[in-house]
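# Descriptive structure summary
Here are the chains, one letter per residue:
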Amino acid sequence: EAQVTQNPRYLITVTGKKLTVTCSQNMNHEYMSWYRQDPGLGLRQIYYSMNVEVTDKGDVPEGYKVSRKEKRNFPLILESPSPNQTSLYFCASSKSRILAELYEQYFGPGTRLTVT
Amino acid sequence: DAKTTQPTSMDCAEGRAANLPCNHSTISGNEYVYWYRQIHSQGPQYIIHGLKNNETNEMASLIITEDRKSSTLILPHATLRDTAVYYCIAHNLEYTGANSKLTFGKGITLSVRP
């Protein structure tokens, strides 16, 4: 089944304890992205990657890191999490950088992160 | 990208067609209309997109008016599982570098009643 998977789905952690949220897609998609969703603020893009070894900042990159060493994986790293990073995180992918395909994005199920 | 306007909410009976309107009166010639939905706390789900012709897929139909100022997403036989927030967005396909993000407005909450 074509899908985007994220792990973990739920995580409660403490301030400063490094964590990684994994994202993997099995559709051979070129483009991947991370969003966070907060009440009243909608979906905000954190980082995106147009292809392997190519990553760029989105609107809210502070406090996050990403890497794209393989086409299928795009992990989100929080080196020193803080309470303001408590949020619902979504990974997304799309087939290619061709714009009509770029906006046809497929999302993972979400990771609900709580930082205390 | 053109601003889109949707009603706040609507409901329909299970098994009936759900017609979700969207206004995009300032849409430009190279902007596609995209529809997504988000079932509570799940990841957004792509539904359909179109430029000016009507489009249909296994999930829904998209009807775009001839002047392209508005569109309607049609779920032909709504089920309880279609209860969700539906987002209509317009995206300019002139590449401007970091223009890859999806920006959802408030969307329309569709409630399907038994």
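The following refers to the structure shown. (Residues numbered from 1 in each chain as written. Chains lettered and ligands numbered in written order. Predicted model: local features only at pLDDT ≥ 70, side-chain atom pairs only at ≥ 80, totals over all residues. Heavy atoms only, no water.)

## Some words on the pattern of salt bridges
Residue and element names in this part refer to chain A. A full pass over the atoms with the stated rule returns six salt bridges over all chains. Notably, a salt bridge pairs Glu79 with Lys18, separated by 4.0 Å at the nearest N-O pair. With a gap of 61 residues between them, Glu79 in the loop between strand 8 (76-78) and strand 9 (87-94) and Lys18 in the loop between strand 2 (10-13) and strand 3 (19-25) connect regions that are remote in the sequence. Lys18 sits in the exposed class, given a relative accessible area of 51%. Linked through salt bridges whose partners overlap, the residues forming this network are Lys18, Lys65 and Glu79. (Salt bridge = Lys/Arg side-chain N within 4 Å of Asp/Glu carboxyl O. Helix = DSSP H or I, 4+ residues; strand = E, 2+ residues; numbered from the N terminus. Buried < 20%, exposed > 50% of the residue type's maximum accessible area, 1.4 Å probe, protein only.)

## Digging into the state of the cysteines
Defined simply, a disulfide is a covalent bond joining two cysteines at their sulfur atoms. A full pass over the atoms with the stated rule returns two disulfides over all chains. Shown here is the disulfide that connects Cys23 of chain A with Cys91 of chain A, its sulfur atoms set 1.8 Å apart. Measuring handedness by torsion sign, the sulfur bridge of Cys23 of chain A and Cys91 of chain A sits at about -70 degrees and is left-handed. Of this pair, Cys23 of chain A sits in strand 3 while Cys91 of chain A sits in strand 9, placing them 68 residues apart in sequence. Owing to a relative accessible area of 2%, Cys23 of chain A belongs among the buried residues under this scheme. Sulfur-sulfur distance for the disulfide between Cys22 of chain B and Cys88 of chain B comes to 2.1 Å. Looking down the S-S bond of the Cys22 of chain B and Cys88 of chain B bridge, the torsion is -80 degrees, so its handedness is left-handed. Here Cys22 of chain B, found in strand 2 (residues 18-23), pairs with Cys88 of chain B, found in strand 8 (residues 84-92); they are 66 residues apart in sequence, far enough to count as distant. A relative accessible area of 1% places Cys88 of chain B in the buried class. The thiol of Cys12 of chain B is not disulfide-bonded; the next cysteine sulfur, from Cys22 of chain B, is found 18 Å away. (Disulfide = S-S within 2.5 Å.)

## A closer look at unusual backbone geometry
Cis geometry is adopted by the peptide bond preceding Pro8 of chain A, which originates at Asn7 of chain A and carries an omega value of -5 degrees. Following the sequence through the fold, Pro8 of chain A ends up in the loop between strand 1 (4-7) and strand 2. Located in the positive-phi region is Glu53 of chain A, a residue other than glycine, with phi close to 70 degrees. The backbone of Arg68 of chain B shows a phi angle near 65 degrees, a positive value even though the residue is not glycine. Locating Arg68 of chain B in the fold gives a position in the loop between strand 6 (61-64) and strand 7 (70-75).

## Considerations on the sheet that holds strand 3 (residues 31-38) of chain B
Residues and elements named next belong to chain B. Spatial ordering of the open sheet is given by 1-9-8-3-4, a layout of five strands whose pairing is mixed. At either end of the open sheet lies a strand with only one pairing partner, and these are strand 1 (9-13) and strand 4 (45-50). Strand after strand, the sheet turns through a mean of 25 degrees between neighbouring axes, direction not considered. Relative to strand 8, strand 3 runs antiparallel, the two sharing eight bridges. In the strand pairing of strand 8, Arg37 is matched with Tyr86. (Pairing = 2+ DSSP bridges. Axes fitted to C-alpha atoms, helices over the stretch in contact; angles between N-to-C directions.)

## Re the packing of aromatic side chains
The final tally for this structure, using the stated rule, is 11 aromatic pairs over all chains. Ring plane angle 75 degrees and centroid distance 5.7 Å describe the contact between Tyr36 of chain B and Tyr46 of chain B, whose orientation is recorded as edge-to-face. Taken as a pair, Tyr36 of chain B in strand 3 and Tyr46 of chain B in strand 4 lie far apart in primary sequence, 10 residues in all. Side by side, Tyr36 of chain B and Tyr46 of chain B carry an identical accessibility label, which is buried. Within the aromatic cluster, the residues linked to one another by ring pairs are Tyr35, Phe90, Tyr106 and Phe107 of chain A together with Tyr36, Tyr46, Tyr87 and Phe104 of chain B. (Phe/Tyr/Trp six-rings, centres within 6.5 Å; stacked < 30°, edge-to-face > 60°.)

## Description of the side chain of Glu31 of chain B
Residues and elements named next belong to chain B. Mapping Glu31 onto the fold places it in strand 3. Of the side chains bearing the opposite charge, Arg68 lies closest to the buried Glu31, which forms no salt bridge; the N-O distance is 6.4 Å. At 2.8 Å, the side chain of Glu31 and the backbone nitrogen of Ser28 are in polar contact. Beyond its immediate sequence surroundings of up to four residues, Glu31 is in contact with Asp1, Ala2, Thr26, Leu51, Arg68, Ala90, His91 and Asn92. (Lys, Arg positive; Asp, Glu negative; His and termini not counted. Polar contact = N/O pair within 3.5 Å; in protein donor to acceptor, adjacent residues only side chain to side chain. Contact = heavy atoms within 4.5 Å.)

## Describing the sheet that holds strand 5 (residues 55-56) of chain B
Across the sheet, which stays open at both edges, the four strands sit in the order 2-7-6-5 (chain B) with antiparallel pairing between neighbours. Two strands in the sheet have a free side with no partner beyond their single neighbour: strand 2 and strand 5 of chain B.

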